[in-house]
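For reference, the chains in residue letters:
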Amino acid sequence: MSSAPFIVVKDLVKHFPLKAGLFSRAAEKVHAVNGVSLAIERGRTHGLVGESGSGKTTTARLLLRVIEPDSGSFSFGETPDVFALGPPELKKLRRGMQYIFQDPYASLNPKMQIRGIVTEPLRYGEGSSRLSSRELDDTAAGLLERVGLSGSDIRKYPHEFSGGQRQRICIARALSARPSFIVCDEPVSSLDVSIQSQILNLLLDIQEETGISYLFIAHNLAVVFYLSDYVSVMYAGRIVEAGPSKVLSSRARHPYTRLLLAAMPGNRSAEGGAPPDSGEPPSLIRLPPGCAFYSRCPQRSQECAREVPPLEETESGHHSACFRER
Amino acid sequence: MFAGTLLEIPYLKFRRNRLGVVSLAVLVVLYTGLLCEGFIAPYSPNLKFKTKSFQPPHRIHFFHEGQFIGPFAYEYVQTNPIFKEYRTDGSAIHRIRFFTEGSAYSLFFLIPARVHLFGTDTGSPVFLFGTDSLGRDIFSRIVYGAKISLTIGFVSIFLALAGGILIGGLAGYAGGVSDWIAMRGVEIIILLPTFYFFLFLRSVMPTDISPARKFFYITAILAVPSMAGGARSIRNWVLSLKNADYVTSAVLSGVPRLVILLTHIIPQIRSILILNITLSVPGAILGEAGLSFLNLGITEPSVSWGMLMSSAMDINVLINYPWMLLPAAVIILTVFSFFAFGYALKDALDPKA
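As the structure is a computational prediction, the values presented were derived from the model and not from experiment. (Residues numbered from 1 in each chain as written. Chains lettered and ligands numbered in written order. Predicted model: local features only at pLDDT ≥ 70, side-chain atom pairs only at ≥ 80, totals over all residues. Heavy atoms only, no water.)

Check the secondary structure of chain A and you find 10 helices and 11 strands. In terms of C-alpha radius of gyration, chain A reaches 21 Å, essentially the compact-globule figure of 20 Å for 326 residues. Structurally, chain A occupies a C-alpha span of about 70 × 50 × 50 Å along its principal axes. The burial tally for chain A puts 50% of its 326 residues in the buried class. Sequence separation of 24 or more characterises 64% of the internal contacts of chain A that already satisfy a separation of 6 or more. Of the roughly 15,400 Å² of accessible surface on chain A, 50% is carried by carbon and sulfur atoms. Of the side-chain charges in chain A, 38 are positive and 35 negative, and the distance between the mean point of each set is 4 Å. (Helix = DSSP H or I, 4+ residues; strand = E, 2+ residues; numbered from the N terminus. Rg over C-alpha atoms; globule rule 2.2 N^0.38 Å. Buried < 20%, exposed > 50% of the residue type's maximum accessible area, 1.4 Å probe, protein only. Contact = heavy atoms within 4.5 Å. Areas by Shrake-Rupley, 256 points an atom, 1.4 Å probe, with all protein chains shown as cover. Lys, Arg positive; Asp, Glu negative; His and termini not counted. Charge placed at Lys NZ, Arg CZ, Asp CG, Glu CD.)

For Ala236 of chain A, which is not glycine, the phi torsion reads 50° and is therefore positive. Within the secondary structure layout, Ala236 of chain A lies in the loop between strand E8 (230–235) and strand E9 (238–244). Notably, Phe54 of chain B is not glycine yet its phi reads approximately 50°, a positive angle. Mapped onto the fold, Phe54 of chain B is located in the loop between helix H3 (37–40) and strand E1 (61–64).

The two faces of the sheet receive side chains in turn, since in a regular strand these alternate between them. All names here are of chain B. Bridge count for strand E2 (residues 67–80) against strand E3 (residues 85–107) is eight bridges, and the pairing is antiparallel. Paired with Gln78 across the two strands is Tyr86, which belongs to E3. Here E2 folds back onto E3, and the loop between the two strands holds four residues, one of which, Lys84, carries a positive phi near 55°. Sheet topology places E3 next to strand E4 (residues 111–120); eight bridges connect them, and they run antiparallel. Paired with Ser106 across the strands is Pro112, a residue of E4. (Pairing = 2+ DSSP bridges.)

Let's shift gears to the state of the cysteines. Residue and element names in this part refer to chain A. Inspection of every chain in the model, using the stated rule, returns zero disulfides over all chains. With no disulfide of its own, Cys291 has Cys304 as its nearest cysteine by sulfur position, at a separation of 6.0 Å. The class of Cys291 is buried, set by a relative accessible area of 14%. In this model Cys304 remains outside any disulfide bridge; the closest cysteine sulfur is found in Cys322, 6.0 Å from its own. Its relative accessible area of 6% is what places Cys304 among the buried residues. (Disulfide = S-S within 2.5 Å.)

All names here are of chain B. The sheet built from four strands is open, its strands ordered E1-E2-E3-E4 with antiparallel pairing. At either end of the open sheet lies a strand with only one pairing partner, and these are E1 and E4. Strand-to-strand twist in this sheet, taken as the mean axis angle between neighbours without regard to direction, amounts to 60°. (Axes fitted to C-alpha atoms, helices over the stretch in contact; angles between N-to-C directions.)

Attention now moves to the packing of aromatic side chains. All names here are of chain A. Applying the stated criterion to the full structure yields 25 aromatic pairs over all chains. Judged by centre distance (4.5 Å) and plane angle (55°), the rings of Tyr235 and Tyr256 are tilted. With a gap of 21 residues between them, Tyr235 in strand E8 and Tyr256 in helix H9 (residues 255–262) connect regions that are remote in the sequence. For the pair formed by Tyr235 and Tyr256, the shared burial category is buried. With centroids separated by 5.2 Å and ring planes inclined at 85°, the aromatic side chains of Tyr235 and Phe293 adopt a geometry described as edge-to-face. With Tyr235 in strand E8 and Phe293 in the loop between H9 and helix H10 (302–306), this pair connects stretches of sequence that are 58 residues apart. (Phe/Tyr/Trp six-rings, centres within 6.5 Å; stacked < 30°, edge-to-face > 60°.)

Listed as buried for helix H2 (residues 87–94) of chain A are Leu90, Leu93 and Arg94 of chain A. Buried residues of H2 of chain A, viewed axially, fall in a sector of 100°; they line one side. Facing away from the buried surface of H2 of chain A by more than 90 degrees, the exposed residues are Pro88 and Lys92 of chain A. Close packing links the buried residues of H2 of chain A with strand E4 (71–76) and strand E5 (97–100) of chain A together with helix H8 (245–252) of chain B. (Arc of directions from axis to C-beta.)

Before going further, it helps to spend a moment on the interface of chain A and chain B. Listed by partner, the interface residues are 21 residues for chain A and 21 residues for chain B. For the chain A and chain B pair, buried surface summed over both sides reaches about 1,900 Å², with 59% attributable to carbon and sulfur atoms. Together, Lys111, Tyr124 and His159 of chain A form the three largest contributors to the area buried by chain A at its contact with chain B, with a combined 29%. Run the count over chain A and chain B and you get one salt bridge. For the salt bridge of Arg61 of chain A with Asp245 of chain B, the shortest nitrogen-to-oxygen distance reads 3.8 Å. One can count eight residue pairs in polar contact (both at pLDDT 80 or more) joining chain A with chain B. Where the side of chain A that touches chain B is concerned, the elements lending two or more residues are H2 and helix H3 (114–123) of chain A. (Buried area = accessible area lost by both parts, 1.4 Å probe. Salt bridge = Lys/Arg side-chain N within 4 Å of Asp/Glu carboxyl O. Polar contact = N/O pair within 3.5 Å; in protein donor to acceptor, adjacent residues only side chain to side chain.)

To continue, consider helix H6 (residues 193–210) of chain A. All names here are of chain A. Between its first and last C-alpha atoms H6 spans 26 Å; for 18 residues at 1.5 Å apiece the expected length is 26 Å, and the two agree. All of the buried residues in H6 are Gln196, Ile199, Leu200, Leu202, Leu203, Ile206 and Gln207. The buried residues of H6 all sit within an arc of 155° when viewed along its axis, so they share a single face. For H6, exposure combined with an orientation more than 90 degrees from the buried face picks out Glu208 and Glu209. Once H6 ends, the next one or two residues include Gly211, with phi positive near 70°. (Expected span 1.5 Å × (residues − 1).)

Attention shifts here to the domain arrangement of chain B. Residue and element names in this part refer to chain B. Segmentation of chain B into domains returns domain 1 (2–34 + 145–349) and domain 2 (45–136). Spacing between the C-alpha centres of domain 1 and domain 2 amounts to 37 Å. For the pairing of domain 1 and domain 2, the buried interface totals around 900 Å² over both sides, and the portion due to carbon and sulfur atoms is 70%. It is Tyr321, Trp323 and Leu326 that lose the most area in domain 1 upon contact with domain 2, and together they represent 53% of the buried surface on that side. On the surface where domain 1 and domain 2 come into contact, there are two residue pairs in polar contact (both at pLDDT 80 or more). (Domains from an automatic or database assignment.)

Next up on the list: empty space enclosed by the protein. Enumeration over the complete set of coordinates arrives at three cavities of 30 Å³ or more. Empty space within the largest cavity amounts to approximately 110 Å³. What lines the largest cavity is a set of 13 residues, and nearest its centre among them are Tyr99, Ile100, Phe101 and Arg173 of chain A together with Ser249 of chain B. Among the elements that take part in the lining of the largest cavity, E5 of chain A stands out by supplying four residues, more than any other. Residues of the lining of the largest cavity, tallied by class, amount to eight nonpolar, four polar and one charged. In terms of lining residues, the second largest cavity is bounded by 14 residues, among which Pro255, Cys291, Cys297, Cys304 and Cys322 of chain A are the most central. Taken together, the residues that form the lining of the second largest cavity break down as 10 nonpolar, two polar and two charged. (1 Å grid on protein atoms, 1.4 Å probe; cavity = no way out; pocket = protein on both sides within 12 Å on 5 of 7 lines; lining within 4 Å. Points joined across faces, edges and corners; volume = space filled by probe spheres on them. Nonpolar A, V, L, I, M, F, W, Y, C, P; charged D, E, K, R; others polar.)

As structure tokens, then:
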């Protein structure tokens with residue numbers, strides 16, 4: 001470990017207060033994210049997997065400060081803590097960070113021309129210069145060609161494109177501000193399987209050319225392993241296992257990761273037949289005192305019910321949060 | 001997916017609705033008439049024909065003593081100047097001619113002109129809708145009254161819309177205390193009976209002001225209730241759209257709030273807004289008519305349809321000179337056309353209809 005990685009997130013916490021009724025003062029909270037730490041090297045991809053409700057998207061939105069975190073720190077390049085920035089500095093910094101949404105049908109304004117959509121980050125935001133209509137046309141056409149669409153599409157509207165094409169438009173938009181970090185929030189999970197690989201390869205090509213770092217969120221392990229250098233597995237708002245994707249795919253230590261691996265299509269026989277899973281994740285309002293996976297874990301012991309297992313390094317770069325699998 | 005333009009299907013659907021097409025045609029005629037009022041009206045609205053007060057509408061004939069001679073009117077001679085009785089003089093024929101020279105006016109409010117749509121060869125006046133107590137041509141007065149009656153609706157609705165977008169949009173965005181205050185204020189206005197609210201606002205305004213300022217005041221008064229309703233519905237739309245992914249990405253790109261409101265949120269509800277405008281205009285027209293009818297709106301020497309009706313308020317006039325009620329027919333026609341057009345538009349724009 002010579003220098004600090006490009007992006008370091010430490011102990012990110014977000015609890016959403018439940019709306020209290022008129023007479024109840026009970027301040028119950030949804031424990032969405034409970035101390036997530038991760039690091040991303042420049043030009044690398046960090047995958048984040050987990051089932052619905054595990055806090056992946058909340059983590060991503062916290063990083064871009066769409067929602068404000070309760071605690072934690074986030075160093076980004078030269079900026080020591082993004083969470084400590086005031087609005088003007090944040091505005092300046094946001095040009096460097098972009099977000100690609102899961103649903104390409106909801107993330108493009110249906111009443112706006114593609115030209116306006118892809119150049120929006122350029123026209124507003126910090127340090128934007130007034131571009132002439134001509135320059136905007138050229139920029140938009142260039143961006144579309146960059147993501148494999150025709151430059152003559154700039155006057156069209158989103159409804160004239162398919163899901164995969166729309167996701168390309170979203171990528172073009174994200175690229176327009178020349179960011180150094182893009183959060184991809186399940187960018188392919190709503191797409192046809194035949195289109196998924198095209199989009200993934202496009203993301204890889206762009207990374208190769210520009211050295212962008214990705215935080216790649218998905219619930220599909222195959223997709224995450226394909227794209228990511230390093231993978232973190234989330235469960236109930238915590239990271240339960242993290243490691244290089246090659247290590248994780250072959251030598252997973254945490255029972256939850258194994259469960260996910262066993263659930264991959266064509267992987268039924270892995271680990272000699274994984275145990276059938278009939279459990280549900282715990283309530284995020286009343287988290288259990290011990291390991292969150294306790295209720296579903298085939299290897300649970302009494303210790304697991306009492307204490308939260310810490311995320312510990314088991315071999316170089318591979319971390320796991322389990323008392324049983326050391 | 002349908003590859004045509006966004007408006008192609010609504011257009012085809014609208015064209016199938018006959019009533020809608022007819023009302024649109026009526027509205028186009030009315031608004032065109034407004035633009036060339038001086039051309040269509042044969043006389044100035046305040047020109048008094050001293051010996052012709054309360055003259056009934058001229059009947060237009062085509063045959064004189066069994067012979068076709070084209071459209072013409074017989075002279076009506078006043079026989080009783082106190083009770084305003086008239087008899088037809090069968091020998092005095094005034095043929096109706098088109099594009100006759102008459103009093104000077106400016107076409108489209110710009111070009112000086114003297115040619116009127118119609119007149120008589122003898123120069124003696126022809127009154128299609130009769131005359132009022134001072135002998136003024138009611139047809140001409142209706143044509144000139146359109147200027148106020150037909151614009152007041154649109155102007156006040158656009159005023160209401162601008163205010164509604166601003167109040168509702170910002171309340172929906174800001175949320176919290178400012179939203180609460182804005183919405184309670186809006187609800188109070190909505191709760192008040194509209195017409196009494198107009199009367200109240202009118203009573204706190206100065207009375208002896210120029211006609212132009214009076215027009216503006218009345219417009220503003222009529223805008224208040226629609227502004228309240230508009231603010232509430234726009235606020236609801238902002239609430240439902242402000243968490244859309246494209247709004248979030250615009251926020252992340254540093255787009256200012258007002259620009260987000262105007263480029264990302266308002267365009268989604270454009271068709272609803274157009275609909276609301278079309279269906280609110282008749283309300284404003286009726287509001288103006290009501291105020292003017294009670295002599296609280298437009299007053300002499302300006303002319304509006306509501307004001308024209310106020311002279312028909314008297315039972316004696318209603319019984320003896322029923323043509324004085326003709327402005328009401330024009331108001332009904334206009335309001336009906338707006339509603340029919342509005343509902344046709346609604347069906348055309350509704351993808352599920």
